[in-house]
Amino acid sequence: MRPRVVFVHGVGGPRDRVGELASWTDALASGMRGAGHSDVADALSGGEVDRAFVYYGDLFRPAQSQGSTVEIVDAESAELVLELLDEVLAGLSEPLPDVPAGEREATRAEILAHARAELLPHPQEQGTMAAVRRALNAATTVLSMRLFRGLGQWAAPKLMVRDLGQVARYLARREPDRAGRTLDTVIRDRVTEQCAPGSTVLVAHSLGTVVTWEALHERPSPVQLLVTMGSPLGMRTVVWPRLVPRPPCTPERVRAWLNFYDPDDPVAVRHRLEDDFGPNSAQVRPDSRRVDSVGLWVHPAVLYLAQPGVAGPIAETLRAALAGER
């Protein structure tokens, strides 16, 4: 069987599946070359390795949507957005480098305290839109200050709330389709469709790490290496307590699990997953490793994949698979 790499994306707007597959592949190949695995990079880019990109972003929006609106459908999801935003704000503890040293701690603390206060419920305000307004107000407070303008794709409050809303809607496990399947189930099905009859390497990013972890438990598929990047799996307030199954552990047929985080990534709030996930029967546990990207917004998947420390272990796994095929 040919080696196979499956990529699973995270939150965000509409994506071009073909373009994303190309950009993720190019970033991974670049990282492999940086790690001294040019031969595997050539095999990856040259077609000796099967590649697939799992896309599920269309499931979060109506067909007519342009992808920039806040699409939170019920009060439970709205409240989850508030909890997620609070945990993200709480995790923004390190000062950014473009602020004078004497101003950093006090200014940041004041901004975060004000933003988190805006998340609290107001008298006589109830319902989904009230919670959405509170989230938008808090996001506006944070993103309007130069301290936090490096939050990249969250250049607008609506985008920040939209993305957190996708996580909330997945975890709410509601929104049945015409066949009666819930949104989270349909999303996981797209992952398992690409994994059958098995994958050499499964690379998941952001919300995709939650989807992939649950999919591998639901329909176990053999995976030589599971790679998670910029993962919210360790978020103790919202994500970790809602994972299925419980208690959280490594999926049974995963032979190795590497979890990569950048300390400046606001999504990877609790990055040491080995503290919160038990082993499978083969005693495989997540192995969390730090990477450091250049720039203020370090969450994008392609930045992780281009890191030699991330791409190197993937190349080693693929090399072994290529050798077995030959």
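Quick caveat, the model's predicted, so the values are computed rather than measured.

**Student:** When you look at the overall build of the chain in this model, what are you seeing that I'm missing?
**Tutor:** Helices and strands together make up the secondary structure of the chain, namely 10 helices and 6 strands. Long-range pairs, those at least 24 residues apart, make up 74% of the contacts in the chain between residues at least 6 apart in sequence. Summed over all atoms, the accessible surface of the chain reaches about 13,800 Å², with 51% contributed by carbon and sulfur.

**Student:** Before we go on, may I ask you to explain helix H6 (residues 157-172) in this structure?
**Tutor:** Helical geometry note: an α-helix holds 3.6 residues per turn, so side chains three or four residues apart project in the same direction. The end-to-end C-alpha separation of H6 is 22 Å, in line with the 22 Å expected for 16 residues at 1.5 Å each. The buried count for H6 comes to 13 of 16 residues, which makes it a mostly enclosed element. One or two steps after H6, the chain reaches Arg173, where phi turns positive at roughly 55°.

**Student:** How should I be thinking about helix H5 (residues 128-143) in this particular structure?
**Tutor:** In this model, H5 (16 residues) spans 22 Å end to end at C-alpha, consistent with the 22 Å of a helix rising 1.5 Å per residue. Across the 16 residues that make up H5, a large majority, 12, are buried.

**Student:** How should the packing of H6 against helix H8 (residues 207-218) be read in this particular structure?
**Tutor:** Closest axis-to-axis distance for the H6/H8 pair is 10 Å, and the angle between their directions is 20°. Here H6 is positioned roughly parallel relative to H8, judged by the angle of their axes. For the element pair H6 and H8, the recorded crossing hand is left-handed. Across the interface between the two elements, Gln166, Val167, Tyr170 and Leu171 from H6 touch Leu207, Val210, Val211 and Glu214 from H8.

**Student:** How should I be thinking about the pairing of strand E1 (residues 4-8) in this particular structure?
**Tutor:** Regular strands place their side chains on alternate faces of the sheet. Along E1, 5 of the 5 residues are buried, which leaves the element largely enclosed by surrounding structure. Along E1, one buried face is formed by Arg4, Val6 and Val8 and the opposite face, lined by Val5 and Phe7, is buried too. Where E1 lies against strand E2 (residues 50-54), 5 bridges are found, and the strand directions are parallel. Of the residues in E2, the one forming a bridge with Val6 is Ala52. One ladder, built from 4 bridges, connects E1 with strand E3 (residues 199-205); its direction is parallel. Each bridged residue has a counterpart across the sheet, and for Val8 the counterpart in E3 is Ala204.

**Student:** Is there a simple way to think about the packing of aromatic side chains in this case?
**Tutor:** To describe a pair of aromatic rings, one takes the distance between the centres and the angle between the planes. The tally for this structure, following the rule as stated, stands at 5 aromatic pairs. Judged by centre distance (5.4 Å) and plane angle (65°), the ring pair of Phe7 and Trp24 falls under edge-to-face. Pair noted here: Phe7 is in strand E1 and Trp24 is in helix H1 (residues 17-34), with a separation of 17 residues, a long-range link. Across the pair, exposure class does not vary: Phe7 and Trp24 are buried alike.

**Student:** I'm lost on the sheet that holds E1 in this one. Help?
**Tutor:** Sheets are built from strands paired through backbone hydrogen bonds, the pairs being either parallel or antiparallel. Strands sit in the order E2-E1-E3-E4-E5-E6 across an open sheet of 6 strands; the sheet is parallel. The sheet is open, and its two edges are formed by E2 and strand E6 (286-290), each paired on a single side. Shown here is a sheet whose adjacent strand axes are inclined to one another by a mean of 15°, direction ignored. Relative to the sheet, H1 contacts E1, E2 and E3, its axis offset from that of E2 by approximately 125°.

**Student:** I keep staring at the pairing of strand E4 (residues 223-229) and nothing clicks. Help me out?
**Tutor:** Burial runs high along E4: 6 of the 7 residues are buried. Two elements, E3 and E4, share 6 bridges in a ladder whose sense is parallel. Bridge assignment links Val201 to a residue of E4, and that residue is Leu225. Read from E3 through H8 to E4, the crossover connection turns out right-handed. Of the strand pairs in this sheet, E4 and strand E5 (residues 257-261) are connected by 4 bridges, and their pairing is parallel. By the bridge assignment, Met229 is partnered in E5 with Phe260.

**Student:** So what exactly am I meant to see when it comes to the side chain of Thr192 here?
**Tutor:** By secondary structure assignment, the location of Thr192 is in helix H7 (residues 183-195). With relative accessibility at 8%, the residue Thr192 sits in the buried group. Residues contacting Thr192, with those up to four places away along its chain left out, are Ala215 and Arg219.

**Student:** Teacher, can you tell me more about the side chain of Gln307 here?
**Tutor:** Assignment of secondary structure puts Gln307 in the loop between helix H9 (301-305) and helix H10 (308-325). Residue Gln307 is classed as buried on the basis of its relative accessible area of 16%. Here Gln307 is in contact with Gly31, Val291, Asp292 and Ser293, once residues within four sequence places are set aside.

**Student:** Can you walk me through the confidence of the model for the chain in this structure?
**Tutor:** A low pLDDT means the predicted coordinates there should not be read in detail. Per-residue pLDDT for the chain averages 84, and the proportion of residues at 70 or more is 84%. In the model, residues 63-68 has pLDDT below 50 throughout and makes 9 contacts with residues more than four positions away in sequence or in other chains.

**Student:** Sorry, what's going on with the environment of Ile187 here?
**Tutor:** By the secondary structure assignment, Ile187 is in helix H7. Separated by 17 residues in the primary sequence, Ile187 and Tyr170 have C-alpha atoms spaced 8.5 Å apart. Leaving out residues up to four positions away in the same chain, Ile187 has contacts with Tyr56, Leu59, Phe60, Tyr170 and Val211.

Procedures and definitions
- Residues numbered from 1 in each chain as written.
- Predicted model: local features only at pLDDT ≥ 70, side-chain atom pairs only at ≥ 80, totals over all residues.
- Heavy atoms only, no water.
- Helix = DSSP H or I, 4+ residues; strand = E, 2+ residues; numbered from the N terminus.
- Contact = heavy atoms within 4.5 Å.
- Areas by Shrake-Rupley, 256 points an atom, 1.4 Å probe, with all protein chains shown as cover.
- Expected span 1.5 Å × (residues − 1).
- Buried < 20%, exposed > 50% of the residue type's maximum accessible area, 1.4 Å probe, protein only.
- Axes fitted to C-alpha atoms, helices over the stretch in contact; angles between N-to-C directions.
- Parallel < 35°, antiparallel > 145°, perpendicular 65-115°, else oblique.
- Left-handed = near helix turned anticlockwise from the far one by under 90°.
- Pairing = 2+ DSSP bridges.
- Phe/Tyr/Trp six-rings, centres within 6.5 Å; stacked < 30°, edge-to-face > 60°.
- Right-handed = clockwise from strand over helix to strand, strands pointing away.
- pLDDT = per-residue confidence, 0-100.

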